[in-house]
Amino acid sequence: MAGAMKIAVVGGGISGLSCAYYLGKAGHNAVVFDPAPGGAIGSVNVEGCILETGPESWLAMKPWAEQLIRELGLGDELTGSNDAGRRTYVLRHGQFVTLPEGLQMVVPTKIWPVVESKLFTWKTKFLMGIEMFRSPKAMPDRSVSEFVADHFGEEAVSYLAEPLLAGVYGGSPDDLSAASVLPKFVEYEQRYGSVVVGTMRDKRKPSGQSIFKSMKHGMGMLIETLLTHVQLVRSRVAAIAPAPGETGWQVLVNNDWQQFDHLVLACGANHAAPLMASIDPRLSELLAAIPYTSSSIWTFGYNRSDVPHPLDAFGFLVPRPERNAIMACTWLGTKWLGRVPDDKAVFRCFSTDPDVTREAALADLNRLMGLTAEPIFALNHRWPNSMPQYAVGHTARVAEIDARAAGIPNLSLIGNAFYGIGIPDCVRSAQKAVERIGPA
Ligand SMILES: Cc1cc2nc3c(=O)[nH]c(=O)nc-3n(C[C@H](O)[C@H](O)[C@H](O)COP(=O)(O)OP(=O)(O)OC[C@H]3O[C@@H](n4cnc5c(N)ncnc54)[C@H](O)[C@@H]3O)c2cc1C
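Residues numbered from 1 in each chain as written. Predicted model: local features only at pLDDT ≥ 70, side-chain atom pairs only at ≥ 80, totals over all residues.

## What to know about the overall build of the chain
For clarity, the cut-off: Numbered from the N terminus, helices here are DSSP runs of H or I no shorter than four residues, and strands are runs of E no shorter than two. The quantity called the radius of gyration is restricted to C-alpha atoms. Its globule counterpart is 2.2 Å times the number of residues to the power 0.38. In this description, any two residues whose backbone-derived C-beta atoms lie within 7 Å of each other are considered to be in contact.
Secondary structure assignment for the chain yields 16 helices and 22 strands. For the chain, the C-alpha radius of gyration of 23 Å lies close to 22 Å, the compact-globule estimate for 440 residues. Dimensions of the chain, computed from C-alpha atoms along their principal axes, come out at roughly 70 × 55 × 40 Å. Considering only intrachain contacts with a sequence separation of at least 6, the fraction spanning at least 24 residues in the chain is 71%.

Structure follows, in structure tokens:
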């Protein structure tokens, strides 16, 4: 038993807030510092529509966010995506083409939907067919583009990997590390040679639950509820330093140095880097070397009667060769039942350009959806430098970060920059840090 510690948590996004919550449960006294708590997560209600400023859901197969939500007494708020209406369109030659059934990320597991698909040429279909005859091999880390092109050809990079991953990481598969972003497929390559064979062998029985989960009244409720459980100071931490003559820390907030026994950095690797500069320059350099990309979400609301399209899918992806402003669009009322009144239609348009204008986003939407009416509302949320990129070499970089951080007493580094960018991964990183810190 270490005894109750006073712990500073720098950053109150989902990582920092869940960490403070678990620290409190473990008997510690945690204080979160953040001028804008919630980080990327927040919800707004406009014209009866529940809208998200950043993330709208998480992958149901990762349990940690759901565990936290249930623990907070919000189990009744959990909702699943409307998988009966699950279908995704991909733009090809300016037309919507359905993403073939049975695809697991970039890996086809059903033959006929791929054979019949207009998304791929016969060359790609042939490459997908013969992929299962590859021999096992271990390769050094390489980009997602190289990995996917090696298995299925360039077209699968442009029309599958790029639009699917750009929506998650906001970056390019040319830069992302296959080992970090597609670890299961890299493992299959080593074990079976073929990712198709690996995926088919590993095919888990459908759990019966939705693929995506969210909260009925919006993800913001998770943040609001966490805030009722933690101590928050709405201020930025300007500097950190080892406490003089002790093993603890001091943090500079509003020109005042405050003393703590332990420090949790949950502010993103890009913000942790300058804080660490005078303490461990190499660690700071490693943190700063994790690249970040930016994004923007335009949310347009319409009267349903002004939208001619049947909205018979979760939305559409725009692969790079077809792209102007929008790279993905969610048809909110189809994906989430109960979030958009029947007489409204809402389009959540994602772009990797944080400065994309209303006009540019709307021009794309009007053209692709056949819209002529003006939207009844339009909201923009910009996310500059918010998405860490797991670039080639990420695993080795994070291993070095971990090793250096482990050498600094009473320091924890958590958040989306290291072992997973999704909300459940962030909660998991908080849980693990609290396990390492131990109970009071
Ligand atoms: C547009 C967008 C859409 C996304 N969609 C999804 C999705 O659908 N599903 C999913 O699972 N994930 C999604 N993600 C990813 C997920 O939302 C994030 O990875 C996660 O919310 C990050 O949480 P975090 O607490 O680690 O970091 P952040 O949310 O970035 O929080 C870091 C906090 O640190 C604070 N901070 C920084 N510097 C300091 C300082 N010096 N002192 C004090 N505070 C500081 C900031 O104010 C911020 O609040 C999305 C992300 C974005 C940006």
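Now that the structure has been shown, we can carry on.
## Some words on the sheet that holds strand S13 (residues 237-242)
Spelled out, the test is: Here, strands pair whenever DSSP counts at least two bridges between them. Lines fitted to the C-alpha atoms define the axes, with helices restricted to the stretch that makes contact. Angles between their N-to-C directions range from 0 to 180 degrees.
Taken in spatial order, the three strands make up an open sheet running S13-S14-S15, and their pairing is antiparallel. In the strand order of this sheet, the two ends are held by S13 and strand S15 (256-260), each with one partner. Shown here is a sheet whose adjacent strand axes are inclined to one another by a mean of 25°, direction ignored. Here S13 runs beside strand S14 (residues 249-253); their pairing, made up of five bridges, is antiparallel. From the neighbouring strand, Pro242 faces S14, where its bridge partner is Trp249.

## As for the site of the ligand
Our working rule: A residue counts as near a molecule or strand when its C-beta atom, positioned from the backbone, falls within 6 Å of it. Each residue receives one of three labels: charged for Asp, Glu, Lys and Arg, nonpolar for Ala, Val, Leu, Ile, Met, Phe, Trp, Tyr, Cys and Pro, and polar for the others, Gly being one of them.
Close to the ligand lie 36 residues, the nearest being Gly11, Gly13, Gly39, Pro55 and Gly422. Those elements that provide at least two residues to the shell around the ligand are helix H1 (14-25), strand S17 (292-303), strand S21 (377-388) and helix H16 (423-437). Looking at the shell around the ligand residue by residue, the classes come out as 18 nonpolar, 15 polar and three charged.

## Section: the packing of helix H11 (residues 269-276) against helix H12 (residues 281-288)
Stated formally: Put simply, angles under 35 degrees are roughly parallel, angles over 145 are roughly antiparallel, angles from 65 to 115 are roughly perpendicular, and the rest are oblique. Note on convention: the crossing is left-handed when the near helix lies turned anticlockwise from the far helix by less than a right angle, right-handed when the turn is clockwise.
In the contact formed by H11 and H12, the axes pass within 8 Å of each other and the chain directions differ by 160°. In terms of orientation, H11 and H12 fall into the roughly antiparallel class. In this structure, H11 meets H12 at a crossing whose hand is left-handed. Along its contact with H11, which presents Ala269, Ala272, Ala273 and Met276, the element H12 presents Leu283, Ser284, Leu287 and Ala288. Its residues assigned to classes, the contact of H11 with H12 shows seven nonpolar, one polar and no charged.

## Focus: the pairing of S17
Two strands pair when backbone bridges link them, and S17 and S21 are joined in this way by nine bridges, in the antiparallel orientation. Counterpart to Phe300 in the pairing with S21 is Ala378. Here eight bridges tie S17 to strand S20 (residues 344-351), and the two strands are oriented antiparallel to one another. Each bridged residue has a counterpart across the sheet, and for Trp298 the counterpart in S20 is Cys349.

## Some points on the domain arrangement of the chain
Going by this rule: Domain extents, as shown, originate in an automatic or database domain assignment.
Each assigned domain of the chain is listed with its residue range as follows: domain 1 (6-38 + 222-291 + 392-437), domain 2 (43-84 + 294-385) and domain 3 (102-201). Using only C-alpha atoms to locate each centre, domain 1 and domain 3 end up separated by 35 Å. Tallied by class, the residues present in the side of domain 1 that touches domain 3 amount to two nonpolar, three polar and no charged.

## Topic: the sheet that holds strand S6 (residues 78-80)
Here we have three strands laid out as an open sheet, ordered S5-S11-S6, and antiparallel in their pairing. Two strands in the sheet have a free side with no partner beyond their single neighbour: strand S5 (58-59) and S6.

## Some remarks on helix H14 (residues 358-369)
Just so we agree on the cut-off: Given the number of residues in a helix, its expected span is that number minus one, multiplied by 1.5 Å. Three exposure classes are used. Buried residues have 20 or more other C-beta atoms within 10 Å of their own C-beta, exposed residues have 12 or fewer, and partly exposed residues fall in between, all C-beta atoms being placed from the backbone. Picture the helix axis, draw a direction to every C-beta atom, and the arc is the one those directions span.
With twelve residues, H14 extends 16 Å between its outermost C-alpha atoms, agreeing within 8% with the 16 Å of an ideal straight helix rising 1.5 Å per residue. If you check which residues of H14 are buried, you get Ala361, Leu362, Asp364, Leu365, Leu368 and Met369. Take H14 and look down its axis: the buried residues cluster within an arc of 155°, on one side only. Opposite its buried face, H14 presents the exposed residues Glu359 and Arg367, each directed more than 90 degrees away. Each element contacted by the buried residues of H14 is listed here: S17, strand S19 (328-331) and S20. Just downstream of H14 lies Gly370, where phi reads positive at about 65°.

## Notes on the packing of helix H2 (residues 64-71) against H16
At their nearest, the axes of H2 and H16 sit 7 Å apart, and the two run at 70° to each other. By the angle between their directions, the pair H2 and H16 is classed as roughly perpendicular. Here Trp64, Ala65 and Leu68 of H2 lie close against H16, whose contacting residues are Ile423, Pro424, Val427, Arg428 and Gln431. Across the contact of H2 with H16, the residue classes break down as six nonpolar, one polar and one charged.

## Focus: the environment of Leu365
Within the element layout of this structure, Leu365 appears in helix H14. Separated by 36 residues in the primary sequence, Leu365 and Cys329 have C-alpha atoms spaced 8.6 Å apart. When residues no more than four places from it in sequence are discounted, the contact partners of Leu365 are Phe300, Ile326, Cys329, Phe347, Cys349 and Leu371.

## Some words on the environment of Asn303
Here Asn303 lies in strand S17. Taking the number of C-beta atoms within 10 Å as the measure of exposure, Asn303 has 14 and is therefore partly exposed. Taking the C-alpha atoms as reference points, Asn303 and Glu374, 71 residues apart in sequence, are found 9.4 Å from one another. Setting aside residues no more than four positions away along its own chain, Asn303 makes contact with Asp343, Lys344 and Ile376.

## Quick notes on the environment of Ile211
Considering the arrangement of structural elements, one finds Ile211 in the loop between helix H9 (195-201) and strand S11 (212-215). In the structure, Ile211 is positioned 154 residues away from Ser57 in sequence and 9.8 Å away in space, judged by C-alpha atoms. Setting aside anything within four residues of it in sequence, one finds Ile211 in contact with Ala60, Ser81 and Asp83.

## Observations regarding the nonpolar core
Convention followed: Joined through C-beta atoms within 7 Å, a set of buried Ala, Val, Leu, Ile, Met, Phe, Trp, Tyr and Cys residues constitutes a nonpolar core.
Residues Val144, Ala161, Ile326, Cys349 and Leu365 are the most contacted members of the largest nonpolar core, which totals 69 residues. Of the residues forming this core, the biggest block, nine residues, is contributed by helix H6 (residues 154-169). Discounting residues that sit within four places of it in the chain, Val144 has contacts with Ala161, Leu165, Pro173, Leu176, Ala178, Val181 and Leu182. Counting residues in each nonpolar core, the second largest holds 60 residues, with Ala20, Tyr21, Phe33 and Ala417 among its members.

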